[in-house]
Structure formats: structure tokens, C-alpha cells
Amino acid sequence: MKIIISGSLGNIGKPLTAQLVQSGHDVTVISSNADRKAAIEALGAKAEIGSVSDADFLSETFAGADALFAMTPPNMGGVNIIKNTTEAGDAFAKAIQQTNIQRVVMLSSIGADLPTGNGPIAGLHNIEKIYEKLDTSITFLRAGYFYINFFNDIPMIKGAGIMGANFPTDNQIPLVHPEDIAWAAAEELQKKSEGKNVRYIISDVKTPSDIVKAFGNAIGKPELPWVEFTDEQYFGGMTQAGVPEEMAGLYTEMGSGLRNNTIAADFLTNDGKAEGKIKLEEFAKEFASKF
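What counts as what
Residues numbered from 1 in each chain as written. Predicted model: local features only at pLDDT ≥ 70, side-chain atom pairs only at ≥ 80, totals over all residues. Heavy atoms only, no water. Domains from an automatic or database assignment. Contact = heavy atoms within 4.5 Å. Buried area = accessible area lost by both parts, 1.4 Å probe. Salt bridge = Lys/Arg side-chain N within 4 Å of Asp/Glu carboxyl O. Phe/Tyr/Trp six-rings, centres within 6.5 Å; stacked < 30°, edge-to-face > 60°. Helix = DSSP H or I, 4+ residues; strand = E, 2+ residues; numbered from the N terminus. Buried < 20%, exposed > 50% of the residue type's maximum accessible area, 1.4 Å probe, protein only. Lys NZ or Arg CZ within 6 Å of the ring centre and 35° of its normal. Expected span 1.5 Å × (residues − 1). Pairing = 2+ DSSP bridges. Axes fitted to C-alpha atoms, helices over the stretch in contact; angles between N-to-C directions.

Under an unreviewed UniProt entry, the chain has the name NAD-dependent dehydratase and belongs to Flavobacterium crocinum.

Given below as C-alpha cells:
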């Protein structure tokens, strides 16, 4: 198969590219960074350098492809994030329609069933709605909260001896490792499917209490506490750390959606299976190696 991967060689794109090349597929990787060309080619894939917001570039790249892994960057410019994310999805949709690709796997998220109250996930909701109108087979691969986001908490642990966010210790949080997303995406890209389908990819479901226990034990701080911040405290902490206000506001809203259980509700109610291979205890070792 001729398969297109967007998202460059990030935490998902790199293992996904390696898996598909090893399976004998003709793989092309889209990157906005020309410096990635050599690394892409070293994996045995072709590189196409351009913007995922450019429908003409995408149409040229998609020509003759059998399948597409569609991933929009999580931070489309720092301002007008939902608008920019949605416009990138619209560019993908136009190129998919023009080139008649018959199999698309879109990286989405828990909470993408919601139009609002989910922070940056709202952009993915909008893209799902755009893609639903396309005459092609699409799997919406809704991923959990990325384990690797917790790397951002390392300075807090070192500086204040705590972890925390604006949701409490007992919330059930669907978690995922990028390598499990790559595994599921590779599986979906290579199988025949019809219509529009939702597949959740979750590695584990744990509470913040479970998370601080696993991380604390792994880094030699078994009493590491989880602190629930107010929305104002959480927003202020991010902006003081240099996060742009718009992005901090979206992350605060996402935390609020986790707190009130709306973001995780569809998965926990209708699916609930943590099929990923990398469980929290295993990721805790990876976390410790970065600490």
C-alpha cells in the first residue's frame, strides 16, 4: 500500500513510520521542517515538506495514495488555535476529496464527541464533523490523555515537591502512550473498513492518586502528593511559566472537563477497554528516566 503519514517524526509518527515500512508499505511522511528530510529517509520513507494547512500541497502529496494517517498539530500557531486547527482539517478534507483516498485514520481524542467545554479538543470535534461528510472510509482514533504530558510536571516536582492540576485525585483519567497510538493506527491503516467508525485507544485508566503513587515510587519520592488547583491557580501557574494565555485557557478548560467527567464520559460509558500495551507502571520507569 501507498500510505501517507502527517505529523512528521514525532512521538507517534516515528514508530508508526517504522512499523509500516517494516511491513513493506510505500510510506510518505509529511513534515513542515525540511531538516527532518534526512531522518525520514533514514527510516526508509519518502519525505514531503510543506504545510498541512495548504490544500494544494496536500492534494499533490495524496495523489495515488491508498491510505492516510491524518494528524493536525496540537498547537496551531499559539493564537486562534481552534480556528487554525479546524482550517487545517478543512484543508485535509479538500485534499482527501480531490484525490479520492479510500482509507483515512484521523488522530482524534477523548472528548471529541463534545463541541465545547473540552479545551483544544474542540478543534478535533470540528474536524470529525467535517470528515463525516466525506465519501470515504474513516476511523476516528480517539486517544486518551498522553502519558508524556506528565513530563511537563517534572519542574513542579523538583521545585515544589508536588504534582497537580485542576482536577481531583479520584477522577478516572483515560491515559495513552504514543507508541500504543502508533500500533493502533498501523492496524487501522492496513485493514479494510467501511463508513465512519470510532475507535478509542487507551493504554490504562487511572486516577491522579494512582499516578503520583507510581511516579513517586519510580523517582524515590513515595509520598509525592497530588494537589488540586482551582481553575484560576492552574491558569496563573501556566501563564507564569510562559504558556500563552490562549493556550493556558484551553488547557484550563480541558482540566475542568476532566474534573466534571464530561471529557472521559463517552469512553468510560460506551467502551471502557484499555487495550494499549503500555500500562502506568511501565511508563513510570520512562518518567523516572527523564526526571
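Once the structure has been displayed, the description carries forward.
Once the domains are mapped, the chain shows domain 1 (2–143 + 177–201) and domain 2 (205–290). Taking the mean C-alpha position of each, domain 1 and domain 2 sit 25 Å from one another. Counting from both sides, the interface comprises 24 residues of domain 1 and, opposite them, 19 residues of domain 2. Across the domain 1/domain 2 interface, buried area totals approximately 1800 Å², and carbon plus sulfur atoms make up 62% of it. At the junction of domain 1 with domain 2, the criterion picks out two salt bridges.

This part covers the packing of aromatic side chains. For any pair of aromatic rings, the description consists of the separation of the ring centres together with the inter-plane angle of the planes. One pass over the structure, following the stated rule, counts 10 aromatic pairs. Ring geometry for F151 versus F287: centroids 6.1 Å apart, planes at 20 degrees, classification stacked. Of this pair, F151 sits in the loop between β7 (145–146) and α6 (154–160) while F287 sits in helix α12 (residues 280–290); the two residues are 136 residues apart in sequence, bridging distant segments of the chain. Judged by relative accessible area, F287 falls into the buried class, the value being 0%. One aromatic cluster is present, formed by Y145, Y147, F150, F151, F215, F283 and F287 through successive ring pairs. Sitting over the ring of F291, K158 keeps its end group 5.1 Å from the ring centre.

Moving on to the pattern of salt bridges. All told, the structure shown has 13 salt bridges when counted by the stated rule. When the shortest N-O distance is used, the salt bridge between D90 and K94 registers 3.5 Å. With D90 and K94 both in helix α4 (residues 81–99) and four residues apart, the pair spans about one turn of that helix. On the accessibility criterion, K94 (43% relative accessible area) is partly exposed. The partner of R199 in a salt bridge is E188, with the nearest N and O atoms 2.8 Å apart.

Let's shift gears to α4. With 19 residues, α4 extends 27 Å from end C-alpha to end C-alpha; this agrees with the ideal 27 Å at 1.5 Å per step. By the burial criterion, the buried members of α4 are I81, N84, T85, T86, A88, G89, A91, F92, A93, A95 and I96. Those residues of α4 hidden inside the fold are in contact with α3 (55–62), β4 (67–70), β5 (103–109), α5 (121–131) and α10 (245–259). In the segment just after α4, N100 is the residue with positive phi, at about 60 degrees.

A word on the side chain of T28. Within the secondary structure layout, T28 lies in strand β2 (residues 26–31). When residues no more than four places from it in sequence are discounted, the contact partners of T28 are I3, I4, I5, K46, E48 and T61.

Let us now look at the side chain of S59. Tracing the backbone shows S59 in helix α3. A residue is classified by how much of its surface remains accessible, and S59, at 11% relative accessible area, is buried. In this structure S59 touches A95, Q98 and T99, once residues within four positions along its chain are discounted.

With that settled, the discussion passes to the sheet that holds β4. Spatial ordering of the open sheet is given by β3-β2-β1-β4-β5-β6-β10, a layout of seven strands whose pairing is parallel. For this open sheet the edge positions go to β3 (46–49) and β10 (196–201), each flanked by a neighbour on one side alone. Neighbour-to-neighbour, the strand axes of this sheet turn through a mean angle of 20 degrees, independent of strand direction. As judged from the four bridges shared by strand β1 (residues 2–5) and β2, these two strands associate in the parallel manner. Note on β2: the bridge partner recorded for I4 is T28.

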